[in-house]
Amino acid sequence: MFKKLFLILFLIFFQSSKVYSSEFTFEVYGLKINFIKVKVNFAQNKFFSIINSQGLIGYFVEFSNIIQTTFDSSNNNLNYFFNIKKKDKEKIYQYVKQDGKILIDNTQLKKGKNYKEIQRMDLAGTVDPLTAVHQILFNNNLDHQCGSRAKIYDGDDVYEVYLSPRKLDKLSVDYKKQNFQIIFSCRLNYKAISGHKFEREQKLNSRYLDVYFSKINNSIIPVYFETKSKFIKLKMYLSTILTP
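Residues numbered from 1 in each chain as written. Predicted model: local features only at pLDDT ≥ 70, side-chain atom pairs only at ≥ 80, totals over all residues. Heavy atoms only, no water.

Trainee: Mind showing me how you'd approach the overall build of the protein here?
Mentor: Of the regular secondary structure elements, the protein holds three helices and 14 strands. Taking contacts inside the protein between residues at least 6 apart in sequence as the whole, the part at least 24 apart equals 55%. Here the protein displays about 13,000 Å² of accessible surface, and carbon together with sulfur accounts for 48% of that area. (Helix = DSSP H or I, 4+ residues; strand = E, 2+ residues; numbered from the N terminus. Contact = heavy atoms within 4.5 Å. Areas by Shrake-Rupley, 256 points an atom, 1.4 Å probe, with all protein chains shown as cover.)

Here you go:
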């Protein structure tokens, strides 16, 4: 139930500016408790994020999550890997993209009668979640018009995420000893395409993430995020930027 929610939460981790190194730390809070820690690193040929949750009693279970995208320029291959563990369960999703096309020999397109079947045409033009981040949020041409979107295949579902403008309701955000001046805000929206349960489509399409941007050393950076689960408000702060 929570995989898609946290995938939206963590579609925020790519930095193309040469000003910063490729490592970031984020903290997620619910009920004023910091229950998720995120480490993200982007090297030249590999993007990955490591997410650990201690759980939030009554709302979220403890879990660990690894997302990784590797690039092999020698044969123009991209390898995507997603692993999530919670309690005694583990799920793995992965695929290979060669010359821009997903190799579907081991891809599960039909998941059952209660699921919307993934058509081959649905996979056309898709990117993996970590690559999508660059297209959506870390674009120095992004402004208050919020004109970014990407079609994503995460090894399980196909969906689109896109930004839409929203009224700026915070001029600054404080987190510990940091103060971020906010220049504009967008809403990150989710649109289900295929692979999901039919009965969950409406709920999936209602999900959103409000994103607040700051300008740091001439780079536009998302520094604060808000969303609501069924019961509580979730807040995520940029806590560490490592410089070269």
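This is not the end of the story, as more comes after the structure.
Trainee: Explain the side chain of E226 to me, please; I cannot follow it from the model alone.
Mentor: Tracing the backbone shows E226 in strand β13 (residues 219-228). The exposure class assigned to E226 is buried, which follows from its relative accessible area of 10%. Those residues in contact with E226 that sit more than four places away from it in its chain are K170, Y208, L209, D210, Y212, K233, L234 and K235. (Buried < 20%, exposed > 50% of the residue type's maximum accessible area, 1.4 Å probe, protein only.)

Trainee: What is the right way to look at the state of the cysteines in this model?
Mentor: Working definition: the covalent bond between the sulfur atoms of two cysteines is a disulfide. In total, this model carries one disulfide according to the counting rule given. Paired through a disulfide, C146 and C186 show a sulfur-sulfur distance of 2.0 Å. Since a negative S-S torsion denotes a left-handed disulfide, the C146-C186 link at about -80° is left-handed. A residue pair is termed long-range when its members are at least 10 positions apart, and C146 in the loop between α2 (129-136) and β8 (149-153) and C186 in strand β11 (residues 178-194) qualify at 40 residues. (Disulfide = S-S within 2.5 Å.)

Trainee: When you look at a positive patch on the surface in this model, what are you seeing that I'm missing?
Mentor: A contiguous patch of positive charge on the surface is contributed by K32, K228, K233 and K235. Among the secondary structure elements, K228 is positioned in strand β13. (Patch = residues over 30% accessible without salt bridge, like charges linked within 9 Å, V, L, I, M, F, W, Y side chains within 5 Å. Salt bridge = Lys/Arg side-chain N within 4 Å of Asp/Glu carboxyl O. Lys, Arg positive; Asp, Glu negative; His and termini not counted. Charge placed at Lys NZ, Arg CZ, Asp CG, Glu CD.)

Trainee: Mind showing me how you'd approach the pattern of salt bridges here?
Mentor: A full pass over the atoms with the stated rule returns eight salt bridges. With a closest N to O distance of 3.0 Å, R149 and E160 form a salt bridge. Taken as a pair, R149 in strand β8 and E160 in strand β9 (residues 158-165) lie far apart in primary sequence, 11 residues in all. Judged by its relative accessible area of 16%, E160 is buried.

Honestly, that's just the spatial picture; any functional story needs more than this.
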